[in-house]
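Residue strings, one per chain:
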Amino acid sequence: MTSGDPAQPPRRVDRAGIVIAALLAGLAAVLVFDARGLSSTTMYGMGPEAMPIVVASGLALLAIGNFIDALRGNLPERESTDPVPVFLILVGLGLLIAIIGFGGGFILATSALFVTTSAAFGRRAILVDSIIALVMSILIYLAFDRLLTLSLPTGPLERLL
Amino acid sequence: MMDTFAALAHGMAVAIQPMNLLYALIGVFLGTAVGVLPGIGPALTVALLLPVTYKLDPGGSLIMFAGIYYGGMYGGSTTAILINTPGESASMATALEGNKMAKAGRGGPALATSAIGSFVAGTIATIGLAFLAPWLVDFAVRFGPEDYFALMCVAFVTVSATFGDSPIRGLTSLFIGLTLGLVGIDKLTGQARLAFGVPELLDGVEVTTLAVGLFAVGEALYVASRRHHTEEKLEPVRGSLWMTKEDWKRSWKPWLRGTMFGFPIGALPAGGAEIPTFLSYSTEKRLTKYPDEFGKGAIEGVAGPEAANNASAAGTLVPLLTLGLPTSATAAMMLAGFQQYGLNPGPLLFAERPDLVWGLIASLFIANVMLLVLNLPLVGLWVRLLAIPQPWLYAGILVFATMGTIAAKPSVVELSMLSGFGVLGFLMRRFDFPIAPVVVGLILGPIAESQLRRALAISLGDPMTLLQSPISATLLGVALIALLAPFVLKGLGRFKANED
């Protein structure tokens, strides 16, 4: 079972796997760092810092496990991915957060997300999609606001309704 | 025994009130409508619809939940049959034969056998739940905090390591969940952990934010990233919807066998409907009189796994209601639904709110009947939902997913967390890490910690208390075996491979 075994096809080190292992180790370090700032006030048993240390130890062990898997190339095969749609959806989520953060309201924020996601899935009719998105989000807003009496963030458009 | 009947009758009286019937109906309808959308499994259905129930009273909302749960399951199998995209691993066996049947123009009988099989299995398993639950509650009353802690260790291990493809990746998912569970104010000492001075983090990570991010946003990102690979094809439902006499004859035994696999395995704190559905599939393949039809659309291969799937769904409610132990992502979402009202499932809930628990169990029966009556006639409507073009479908899913968070906590931090969990869900799908253990870790981690700390406080800090209680010692032994078994088995397999 050594890598020099001639019967085995040569396995490549999986770079993504190494990154995952490093991230897990980093997370474990953050946990330990955070736990050091906690003061143990309990007389008996565990204080609040015990569990983070336990979880951090587990993460550290798993980082080693993932590292070994990556070195051996034991990760399952991955299909090629297209980064553009993923990026578009993330832009949509970013727009949503920004519009809500700056008080643009629910309708505009949701419509922005709808149009970018739809574009990510290959549609190029931005005008039609914008109209659909606006109508849909206005209906959702009215349903939440009037029927369920749940308040959604308001912006210029919501105040007109 | 008689107590169970009395309690169930009382629950029926609760469930049959007109308002509650209406809640169950809305739940079944919404659950099916959302569950039928491709890529949305029952867990996500429940997570997405949680905000809808915010304003209801606990009784009504839990009853609506029961409907959403079963409706989501049914919707998922419809998708599996008609477009071969099982929303979750438990519907994979159904998709295997069901989609072949649909391609051969027998989509109607496939949907029918899955609906009727789900009804039969769901009903039998709910009866099982009603009788098993009080018995388990009697047992669970004797559990001390150390026993609960040990039980959660069993659940952690079985959910993440024992039954997955890779114990290391499963445990990694679990520990990410446990880490997220640490965020916020420590309940015993009031100190903030992992909050980094962000006030929004002091309350901890919302289960719904995590679940919706991982499942909905993650799924949308993943499907978008590999859109160039697969072209999904919707099979139209052609021909008769109804099963022939022959179909009935070939279906009823697989339904019952599937139930026998599904309920007991679902009721164990082992997690997952995957094992019973595949056990059922392979059993039917072995027992069938038409072996050459398997792989080409054999009705037994739909009837059995579908029944097993539904029976195990009712089975997972046994540990959830009696012990507060979620063993699947869907059960974890149900627990989040309980927690939204400050209710903790477990022996106490049976004693304090019998109307609620038994009302819920009775509603499961009612939801089952409603599904049977609603779904076959409405199949045309569900199929039309399936035909929504992909760009609008996923845009709509994302709008719906973010809407829940916007309605509950419209803050930039919460929405950024939702997006962050979406990216995490995408990466986990891409690198083949299971998702459910993260959710289970987030929910159960804090509970396990508080039980352990309580146990140690009672024993004045002596960790031997974990081994002195026979229940706890046994459960910890089970957890250890379940943790080591996959590694040992893998080692044996490697040993054998070297011998050849």
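Everything numeric here is computed off the predicted structure, so don't read it as measured data. (Residues numbered from 1 in each chain as written. Chains lettered and ligands numbered in written order. Predicted model: local features only at pLDDT ≥ 70, side-chain atom pairs only at ≥ 80, totals over all residues.)

> An account of the overall build of chain A is needed here, citing residue identities and associated values.
A count of helical and extended segments in chain A gives six helices and zero strands. When its helices and strands are written in sequence order, chain A yields α-α-α-α-α-α. The proportion of buried residues among the 161 residues of chain A is 34%. Counting only contacts in chain A whose residues sit at least 6 apart along the sequence, the fraction spanning at least 24 positions is 60%. (Helix = DSSP H or I, 4+ residues; strand = E, 2+ residues; numbered from the N terminus. Buried ≥ 20, exposed ≤ 12 C-beta atoms within 10 Å, placed from the backbone. Contact = placed C-beta atoms within 7 Å.)

> Which residues make up the overall build of chain B, and what are the values?
In terms of helices and strands, chain B carries 21 helices and two strands. The principal-axis extent of the C-alpha atoms belonging to chain B is close to 70 × 65 × 50 Å. Across chain B, every contact between residues at least 6 apart in sequence was considered, and the portion connecting residues at least 24 apart equals 81%.

> Please provide a residue-by-residue account of the confidence of the model for chain B, values included.
The pLDDT averaged across chain B works out to 85; a share of 93% of its residues lies at or above 70. Counting contacts from residues 496-500 of chain B, a segment whose pLDDT is below 50, to residues more than four positions away or on other chains yields one contact. (pLDDT = per-residue confidence, 0-100.)

> Run through helix H11 (residues 274-287) of chain B, naming residues and quoting values.
Note that an α-helix has 3.6 residues per turn; residues three or four places apart therefore point the same way. Residues and elements named next belong to chain B. With 14 residues, H11 ought to run about 20 Å at 1.5 Å a step, and its terminal C-alpha atoms sit 20 Å apart, in line with that. Where H11 is concerned, the buried positions are Glu274, Ile275, Pro276, Thr277, Leu279, Ser280, Tyr281 and Glu284. The elements touched by buried residues of H11 are helix H5 (92-103), helix H10 (245-267) and helix H12 (300-323). (Expected span 1.5 Å × (residues − 1).)

> Which residues make up the nonpolar core, and what values do they have?
Among the nonpolar cores identified, the biggest contains 206 residues, and B:Val46, B:Ala47, B:Ala66, B:Cys153, B:Ala211, B:Ala220 and B:Val439 are the most heavily contacted of them. Residue contributions to this core peak at 14 residues, all from helix H6 (residues 107-140) of chain B. The residues touching B:Ala220, leaving out its near neighbours within four places in the chain, are A:Ile89, A:Thr117, B:Tyr394, B:Ile397 and B:Leu398. (Core = buried A, V, L, I, M, F, W, Y, C linked by C-beta atoms within 7 Å.)

> Describe the interface of chain A and chain B, with residues and values.
Accessible area lost upon the coming together of the parts is a frequently used measure of interface size. Chain A puts 53 residues into the contact, and the matching count from chain B is 52 residues. Where the side of chain A that touches chain B is concerned, the elements lending two or more residues are helix H1 (15-36), helix H2 (50-72), helix H3 (83-101), helix H4 (106-120) and helix H5 (126-147) of chain A. Ranked by the residues each element gives to the side of chain A that touches chain B, the list is headed by H2(A), at nine residues. Among the residues making up the side of chain A that touches chain B, the classes are represented as 35 nonpolar, 12 polar and six charged. (Nonpolar A, V, L, I, M, F, W, Y, C, P; charged D, E, K, R; others polar.)

> Any details on the confidence of the model for chain A? Residues and values, ideally.
Chain-level statistics for chain A give a pLDDT mean of 84 and a share of 89% at 70 or above. Long-range and interchain partners of residues 1-9 of chain A, a stretch whose pLDDT sits below 50, account for three contacts in this model, where long-range means more than four residues apart.

> Quick one: what's the story with unusual backbone geometry, residue by residue and with numbers?
Residues and elements named next belong to chain B. Positive phi outside glycine occurs at leucine 194, with the angle close to 55°. Mapped onto the elements of the fold, leucine 194 is located in the loop between strand S2 (192-193) and helix H9 (207-225). Of note in the backbone geometry, aspartate 432 takes a positive phi value of approximately 65° without being a glycine.

> Got a sec to walk through the environment of B:Phe263? Specific residues and values, please.
All names here are of chain B. By secondary structure assignment, the location of phenylalanine 263 is in helix H10. Residue classification places phenylalanine 263 among the buried positions, given that 29 C-beta atoms sit within 10 Å. Look past the residues within four positions of phenylalanine 263 in its chain and what remains in contact with it is Ala125, Gly128, Ala311, Ser312, Ala314 and Gly315.

> Break down helix H13 (residues 329-339) of chain B for me, with residues and values.
All names here are of chain B. The element H13 is largely enclosed, with a buried count of 10 among its 11 residues. Restricting attention to buried positions, one finds in H13 the residues Ala329, Thr330, Ala331, Ala332, Met333, Met334, Leu335, Ala336, Gly337 and Phe338. At its buried positions, H13 is contacted by helix H3 (42-49), helix H4 (58-83), H9, H12 and helix H19 (436-458).

> Can you lay out the environment of B:Pro38 for me, pointing to particular residues and giving the numbers?
Residues and elements named next belong to chain B. Take proline 38: it is sitting in the loop between helix H2 (18-35) and H3. Here proline 38 falls in the buried class, since 24 other C-beta atoms lie within 10 Å of it. For the pair proline 38 and leucine 221, spaced 183 residues apart in sequence, the C-alpha to C-alpha distance is 14 Å.

> I'd like a description of the environment of B:Val412, backed by residues and values.
Relative to the helices and strands, B:Val412 is located in helix H18 (residues 412-430). Through-space distance from the C-alpha of B:Val412 to that of B:Pro276 is 42 Å; in sequence the pair is 136 residues apart. For B:Val412, the residues in contact, after removing those within four places along its chain, are A:Ile97, A:Ile100 and A:Gly101.

> Help me get a handle on the packing of H10(B) against H11(B), residues and values and all.
All names here are of chain B. Where H10 meets H11, the axes come as close as 9 Å, and the angle between the chain directions of the two elements is 150°. Classified by the interaxial angle, the pair formed by H10 and H11 is roughly antiparallel. Viewed along their axes, H10 and H11 form a crossing whose handedness is right-handed. Residue-level inspection shows Pro254, Arg257, Gly258, Phe261, Gly262, Ile265 and Gly266 of H10 in contact with H11, the latter providing Ile275, Pro276, Leu279, Ser280, Thr283 and Glu284. The residue makeup of the contact of H10 with H11, split by class, is six nonpolar, five polar and two charged. (Axes fitted to C-alpha atoms, helices over the stretch in contact; angles between N-to-C directions. Parallel < 35°, antiparallel > 145°, perpendicular 65-115°, else oblique. Left-handed = near helix turned anticlockwise from the far one by under 90°.)

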